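Read off the chains here:
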Amino acid sequence: MNPTLAAVVLSLFSAGAYASAAVAQERLAARSAGSGTLRLLAHGAWWWSVTLNAAAALLHVAALKYGTLTLVQPLGALTLVAAVPLGARIAGRRVSAVEWRGTALTLTGLAALLVTASGPAPDDVLSLPQALAVAGTTAVVIGGLSRGARPGLRHATASGFASGAASALTQTVTVAATDRSDSLPSAQVVVVALLVAVFAAGGLLLSQTAYQGGLGAPLAVVTLANPLAAAVIGLSLLGERLQGGAAGLLLALAGASIAGWGVVTLSRSAPESAGAPMDAPPDALVDDDHPVAAVLALEPGSATYEPSLTPQQPNSGHLTSL
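Here the residue numbers are simple positions, counted from 1 along each chain's written sequence. It should be noted that, the model being predicted, local features are given only for residues of pLDDT at least 70 and side-chain atom pairs only at 80 or more, the latter also being counted only at that level, while totals for whole chains, interfaces and linings use all residues. Neither water nor hydrogens contribute to the side-chain values; these are computed over all heavy atoms in the structure.

Participant: It is not clear to me how the overall build of the protein should be interpreted in this structure. Could you clarify?
Facilitator: Assigned secondary structure in the protein consists of 11 helices and zero strands. Order of helices (α) and strands (β) in the protein, N terminus to C terminus: α-α-α-α-α-α-α-α-α-α-α. Sorting the 322 residues of the protein into buried and exposed places 44% on the buried side. Within the protein, counting contacts between residues at least 6 apart in sequence, those at least 24 apart form 78% of the total. Just so you have it, the protein exposes about 15800 Å², and 66% of that area is on carbon and sulfur atoms. Secondary structure elements are taken from DSSP: a helix is a run of H or I of four residues or more, a strand is a run of E of two residues or more, and numbering for both begins at the N terminus. The rule is simple: take the accessible area with a 1.4 Å probe, protein chains only, and divide by the maximum for that residue type; under 20% is buried, over 50% is exposed, in between is partly exposed. By definition in these notes, contact holds between two residues if any of their heavy atoms fall within 4.5 Å. Using a 1.4 Å probe, accessible areas were evaluated by the Shrake-Rupley method; residue-level cover was limited to the displayed protein chains.

Participant: I keep staring at the packing of helix H6 (residues 128-145) against helix H7 (residues 153-179) and nothing clicks. Help me out?
Facilitator: Every angle, taken between N-to-C directions, lies between 0 and 180 degrees, and every axis is a line fitted to C-alpha atoms, over only the stretch in contact when it is a helix. Remark: H6 packs on H7, axes separated minimally by 9 Å, with the N-to-C direction vectors making an angle of 170 degrees. Between H6 and H7, the crossing angle belongs to the class labelled roughly antiparallel. Along the contact surface, H6 presents Ala-131, Val-134, Thr-138, Val-141, Ile-142 and Leu-145, while H7 presents Arg-154, His-155, Thr-157, Ala-158, Phe-161, Ala-162, Ala-165 and Leu-169. Polarity classes work like this: nonpolar for Ala, Val, Leu, Ile, Met, Phe, Trp, Tyr, Cys and Pro, charged for Asp, Glu, Lys and Arg, and polar for all others, with Gly in that last group. Of the residues belonging to the contact of H6 with H7, the class tally is 10 nonpolar, three polar and one charged. Throughout, the term roughly parallel applies to angles under 35 degrees, roughly antiparallel to angles over 145, roughly perpendicular to angles from 65 to 115, and oblique to all others.

Participant: Where do I start with the environment of Val-263 in this structure?
Facilitator: Note that Val-263 resides in helix H10 (residues 245-267). Note: C-alpha distance between Val-263 and Thr-223 (40 residues apart in sequence) is 7.6 Å. Beyond its immediate stretch of four places on either side in the chain, Val-263 contacts Ala-77, Leu-80, Thr-106, Ala-220, Thr-223 and Leu-224.

Participant: Whenever I open this one, helix H8 (residues 187-211) confuses me. Can you help?
Facilitator: Side chains of residues three or four places apart in an α-helix project in the same direction, reflecting 3.6 residues per turn. Here the expected span of a helix is defined as 1.5 Å times the quantity of residues minus one. Compared with the 36 Å implied by 1.5 Å per residue over 25 residues, the 36 Å span of H8 between its first and last C-alpha is a close match. Along H8, the positions that sit buried rather than exposed are Val-189, Val-192, Leu-195, Val-196, Phe-199, Gly-203, Leu-206, Ser-207, Ala-210 and Tyr-211. In this structure, the buried side of H8 is in contact with H6, H7 and helix H9 (216-237).

Participant: Just checking my understanding: could you explain a nonpolar patch on the surface for this structure?
Facilitator: Residues with no salt bridge and a relative accessible area higher than 30% make up the patches, which join like charges within 9 Å and nonpolar side chains (Val, Leu, Ile, Met, Phe, Trp, Tyr) within 5 Å. For this document, the term salt bridge refers to a Lys or Arg side-chain nitrogen within 4 Å of an Asp or Glu carboxyl oxygen. Among the surface-exposed residues, Leu-128, Leu-132 and Val-191 lie close enough to one another that they form a single nonpolar patch of about 210 Å² accessible area. The topology assignment puts Leu-128 in helix H6.

Participant: Just checking my understanding: could you explain the nonpolar core for this structure?
Facilitator: Nonpolar side chains in soluble globular proteins generally cluster together in the buried interior. Throughout this description, the term nonpolar core refers to a set of buried Ala, Val, Leu, Ile, Met, Phe, Trp, Tyr and Cys residues connected via side-chain atoms within 4.5 Å. Counting residues in hydrophobic clusters, the biggest one holds 52 residues, and the most contacted among them are Leu-69, Leu-75, Leu-110, Leu-126, Ile-142, Leu-169 and Phe-199. Sequence-distant contacts of Ile-142, defined by excluding residues within four places in its chain, comprise Ala-158, Ala-162, Phe-199 and Leu-206.

Participant: When you look at the side chain of Asn-226 in this model, what are you seeing that I'm missing?
Facilitator: Along the chain, Asn-226 falls in helix H9. Classification of Asn-226 as buried rests on a relative accessible area of 17%. In this structure the side chain of Asn-226 is engaged in a polar contact, spanning 2.6 Å, whose partner is the side chain of Gln-73. If we ignore the near neighbours within four places in the chain, the residues touching Asn-226 are Gln-73, Gly-160, Ser-163 and Gly-164. What qualifies as a polar contact is a pair of N or O atoms within 3.5 Å, subject to a donor-acceptor requirement within protein and to the restriction that residues adjacent in sequence count only when both atoms come from side chains.

Participant: What am I meant to see in the confidence of the model for the protein here?
Facilitator: One rule of thumb: low pLDDT means the predicted coordinates there are not for detailed reading. A residue's pLDDT is the confidence the predictor assigns to it, expressed on a 0 to 100 scale. For the protein, per-residue confidence averages 74 on the pLDDT scale, and residues scoring 70 or more make up 72% of the total. Averaged pLDDT values for the elements of the protein fall to 37 in helix H11 (residues 291-296) and rise to 91 in H6. Note on residues 269-322: pLDDT is under 50 here. Beyond four places in sequence and across chains, it has 95 contacts.

Participant: Would you explain the environment of Thr-223 in this entry?
Facilitator: Counting through the fold element by element, Thr-223 comes out in helix H9. Expressed as a C-alpha distance, the spacing of Thr-223 and Gly-260, which sit 37 residues apart in the sequence, is 8.6 Å. Setting aside anything within four residues of it in sequence, one finds Thr-223 in contact with Ala-77, Leu-80 and Val-263.

Next comes the structure, spelled out in structure tokens:
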């Protein structure tokens, strides 16, 4: 199979698995409101969501074996695209015009990136000094962005950079491990694998911190910063190139801008209703025609803290904030 096609197919399945896991977690949250965290272990739905997340991660790793970072990482935005019809189905309503517009923009931008970023399967890996340099530089950037306890878009940007660096290091581990004939992994692979674990965990913690101040804007920033960091590493250190020369570069920039616009549209906070009073409850300030925005428009104080920021499904048949 063509490497680019294999990477795209694997990324599609990965996005679908991540979106399905989110739906499973949403349904469990709706049924188990007020239950302790340990009680979730007794629910088959929780284990189903864990399995889906693990499968999605493995599919993403496999995609990095066949596709470049500049190709695979932007396709992560497909998780938001897949979540739109799934979320609407769970809410028992049709996909809104705003969601269709965001989906169309995202797919159009990703299509342009697909044309310019397609190429042979990656065969270059980061050397150990390069991997350590990536880790050190990323750590310094993350440290500068995450200063201060107050959550904000800086933490979301740091989370995206951490996840992007983790994916770049993951590709090195995957390519190096699968191309080796030795039965035991080299010290380089082991060290880089440990760095992957550190940055993956750091990205998760930083995103949770960023989401405490609201989910819409931070989610968009994380989704956009991740492929940006991975693309910088791929283009500067792994010899990845965009197809088409100057015209291809312009097409890639246009595609990235359009896809970013679509991501922001899908993950933006709902606009305030003009007729809603300022002292109205949070649900009254959510645009009922935008169920995804209703899920993501979480403002400080509008919901009680829970370990997982997942939407709940009330009996009224539409998604609201927690």
